[in-house]
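# Structural characterization, general
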Amino acid sequence: MIEQCFTRPLVITQLRSGPLGSHLDALATTLHQHGYAPDSIRRAVRAGAQFGLWLSQQGAALADVNDALLARYLRTLPPPSVGRWPKAAAGLPHLLHLWRQQGLIPPAGTPLVATETTVWLGRYTHYLEQVCGTAPSTRTAYRRIVRRFLMTQFGADAVQWQTVSAQALTAFVQQEVATKHGGGRKLPSSAIRSLLRFLVFHGEVTPGLEAAVPTSRQWTHASLPVRLTSEEVERVLVLCSSEGPKALRNRAILLCLARLGIRAHEVAALCVDDIDWYAGQVRIRPGKTHHERCLPLLQEVGSAIAAYLQQGRPTTTSRSLFLACRAPFQPLCDATAISRIATRALARAGVMSSARLGAHTFRHTAASQMVNQGVSFKDVADVLGHRSLQTTGIYAKLDVEALAAVALPWMGDSV
């Protein structure tokens, strides 16, 4: 496979006779199969060959490669002007990724020695996924807070759950809440209560300790949901009206957000098989509420998805609907990627009036438009996937004209 990227026989011979000769051939083949350009393959092969020579000079074998050894190698190269990787190692992550897939080196971030803290974090993560069925984003957020709690409570010492006191729980949650704002103020309390339920589940602590975790005061429905006007939505969509693959994909994503009102992670989870073209429906996979639902496939949304599938989506075996536009054309499999597309589109359209504007803003906008057009709250809840009408009740405040008609006169001026 190297012959398709390098033409000089001497270069090919040197690469194959080097310490990582067979691995470089496999790397070139893998990158070619994933659609990488020849220049990118050459850069990755050269970076791998240079890393192999350094390993040989250090007397290190492939089994010795870990994060510490890699950091030591990067320090020998000229520092990068932008990003983490120096220019001479720009293609090295592809080789490391291949080795991790083959099980030849440990995953990135794996500690050299598994501490008691990391073992408990692993058990807790398994509990969240297998017992509670929490969403990946929730697991990530809870795990981050629990890790800080473990380091605050035990540090490098042995983990002794019996020593955890109500005062320690309260102090930690209060310290975490002080750094949060908005809805994030509830997160530390929820994470620590989840940890305590996990410990009760495993018999490490007795039930009742979770009652010591303070609850952050937060006024329900204290503010109006951030939403866009119809003109602002159309201004955002116009910016993605070109025929390029990226514009076609982004327009289809933004229309799913703005017209269907679905969540960012629901857009990321869409597969080609979820579109029923004959019935005119789109299937929304179970997510936050663990319930599947079907929504009407509006003609505008369907046309945008069809245009992306026919003209913009790269050739791949993946069944995920939305893919990256650059090799290896990985699926946009998390909400962060979708939110980033929405945030950038809002910024380019000049409607970024608040740092909170993002993918969820389109959901609020779609809900407010339905409410203002007289759609019942039950129907709005069904479209949005709410299990409780109380959740949908936040949009009752958006019909300002109807609220003004029932408002009582203010008597303050006559006092």
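Above this text you will find the structure in question.
Bear in mind the structure is a predicted one, so any value in this text is a computation, not a measurement.

Across its full length, the chain carries 18 helices and three strands. Within the chain, buried positions represent 39% of all 415 residues. For the chain, the share of sequence-separated contacts (at least 6 apart) that also reach a separation of at least 24 residues comes to 57%. In the structure as shown, the chain presents an accessible area of about 23200 Å², 54% of it carried by carbon and sulfur atoms.

This part covers empty space enclosed by the protein. A probe matching the size of a water molecule, rolled over the atoms, marks out where space remains unfilled. Scanning the entire structure with this criterion turns up one cavity of 30 Å³ or more. Volume-wise, the largest cavity comes out at about 40 Å³. Taken together, Val65, Asn66, Asp67, Leu70, Leu96, Arg100, Ile105 and Pro106 form the lining of the largest cavity. Of all the secondary structure elements, the ones that give two or more residues to the lining of the largest cavity are helix 4 (67–74) and helix 5 (92–101). Its residues placed into classes, the lining of the largest cavity shows five nonpolar, one polar and two charged.

With that out of the way, let us pick up the nonpolar core. The biggest cluster of nonpolar side chains holds 45 residues, and the ones touching the most others in it are Leu254, Cys256, Leu257, Phe322 and Phe362. Secondary structure elements with two or more residues in this core: helix 10 (230–238), helix 11 (245–260), helix 12 (264–268), strand 2 (281–284), helix 13 (299–312), helix 14 (335–348) and helix 15 (359–372). Among the elements that line this core, the one with the most residues is helix 11, at nine residues. Excluding its chain neighbours within four sequence positions, the residues that come into contact with Leu254 are Val236, Leu237, Cys240, Ala342, Ala345 and Phe362. Grouped together as the second largest cluster of nonpolar side chains are 33 residues, Ile12, Val65, Leu70 and Leu92 included.

Tracing the backbone shows Ser318 in the loop between helix 13 and helix 14. On the basis of relative accessibility, which here comes to 18%, the residue Ser318 falls in the buried class.

Counted according to the given criterion, the structure contains 12 salt bridges. Its salt-bridge partner being Glu234, residue Arg259 comes within 2.8 Å of it at the nearest N-O pair. Taken together, the positions of Arg259 in helix 11 and Glu234 in helix 10 put the pair 25 residues apart, joining distant regions of the chain. Among the residues examined, Arg259 registers a relative accessible area of 25% and is labelled partly exposed. A relative accessible area of 37% means that Glu234 is categorised as partly exposed. In this structure, Arg319 and Asp273 form a salt bridge, with 2.8 Å as the shortest nitrogen-oxygen distance. In this pair, Arg319 sits in the loop between helix 13 and helix 14 while Asp273 sits in the loop between helix 12 and strand 1 (275–276), placing the two residues 46 residues apart along the sequence. On the basis of relative accessible area, Arg319 is assigned to the partly exposed category, the value being 46%.

Turning next to the layout of surface pockets. Roughly 300 Å³ of volume is contained in the second largest pocket. Looking at the second largest pocket, it is lined by 15 residues, and the ones nearest its centre are Lys246, Arg249, Asn250, Ile341 and Arg344. The set of elements that each furnish at least two residues to the lining of the second largest pocket consists of helix 11 and helix 14. It is helix 14 that provides the largest number of residues to the lining of the second largest pocket, a total of five residues. A per-class count over the lining of the second largest pocket returns seven nonpolar, two polar and six charged.

Further remarks concern helix 6 (residues 116–132). If you check helix 6, its first and last C-alpha atoms are 23 Å apart, about what 17 residues at 1.5 Å a residue would give, namely 24 Å. Looking only at helix 6, the buried set comprises Thr117, Trp120, Leu121, Tyr124, Tyr127 and Leu128. Taken end-on, helix 6 shows its buried residues confined to a sector of 115 degrees, consistent with a single buried face. Buried residues along helix 6 sit against helix 7 (136–153) and helix 9 (187–201). Downstream of helix 6 by a residue or two, Gly133 has a phi angle that is positive, lying close to 65 degrees.

Here the focus is helix 7. Over its 18 residues, helix 7 runs 25 Å from end to end, which matches the ideal 26 Å to within 8%, given 1.5 Å per residue. For helix 7, the complete set of buried residues consists of Arg139, Ala141, Tyr142, Ile145, Val146, Phe149 and Leu150. In this structure, the buried side of helix 7 is in contact with helix 6, helix 8 (166–177) and helix 9. Of the residues trailing helix 7, Gly155 is marked for its positive phi of about 60 degrees.

Let us now look at the packing of helix 6 against helix 9. For the pair helix 6 and helix 9, interaxial distance at closest approach is 11 Å and the crossing angle is 95 degrees. Classified by the angle their axes make, helix 6 and helix 9 are roughly perpendicular. Where helix 6 approaches helix 9, its residues Trp120, Arg123, Tyr124, Tyr127, Leu128 and Val131 are matched on the opposing element by Ala191, Ser194, Leu195, Arg197, Phe198, Leu199 and Phe201. Among the residues forming the contact of helix 6 with helix 9, the class breakdown is 10 nonpolar, one polar and two charged.

There is a patch of like positive charges on the surface, built from Lys246, Arg340, Arg344 and Arg348. Among the elements that line the positive patch, the one with the most residues is helix 14, at three residues. Mapping Arg348 onto the fold places it in helix 14.

What counts and what doesn't
Residues numbered from 1 in each chain as written. Predicted model: local features only at pLDDT ≥ 70, side-chain atom pairs only at ≥ 80, totals over all residues. Heavy atoms only, no water. Helix = DSSP H or I, 4+ residues; strand = E, 2+ residues; numbered from the N terminus. Buried < 20%, exposed > 50% of the residue type's maximum accessible area, 1.4 Å probe, protein only. Contact = heavy atoms within 4.5 Å. Areas by Shrake-Rupley, 256 points an atom, 1.4 Å probe, with all protein chains shown as cover. 1 Å grid on protein atoms, 1.4 Å probe; cavity = no way out; pocket = protein on both sides within 12 Å on 5 of 7 lines; lining within 4 Å. Points joined across faces, edges and corners; volume = space filled by probe spheres on them. Nonpolar A, V, L, I, M, F, W, Y, C, P; charged D, E, K, R; others polar. Core = buried A, V, L, I, M, F, W, Y, C linked by side-chain atoms within 4.5 Å. Salt bridge = Lys/Arg side-chain N within 4 Å of Asp/Glu carboxyl O. Expected span 1.5 Å × (residues − 1). Arc of directions from axis to C-beta. Axes fitted to C-alpha atoms, helices over the stretch in contact; angles between N-to-C directions. Parallel < 35°, antiparallel > 145°, perpendicular 65-115°, else oblique. Patch = residues over 30% accessible without salt bridge, like charges linked within 9 Å, V, L, I, M, F, W, Y side chains within 5 Å. Lys, Arg positive; Asp, Glu negative; His and termini not counted. Charge placed at Lys NZ, Arg CZ, Asp CG, Glu CD.

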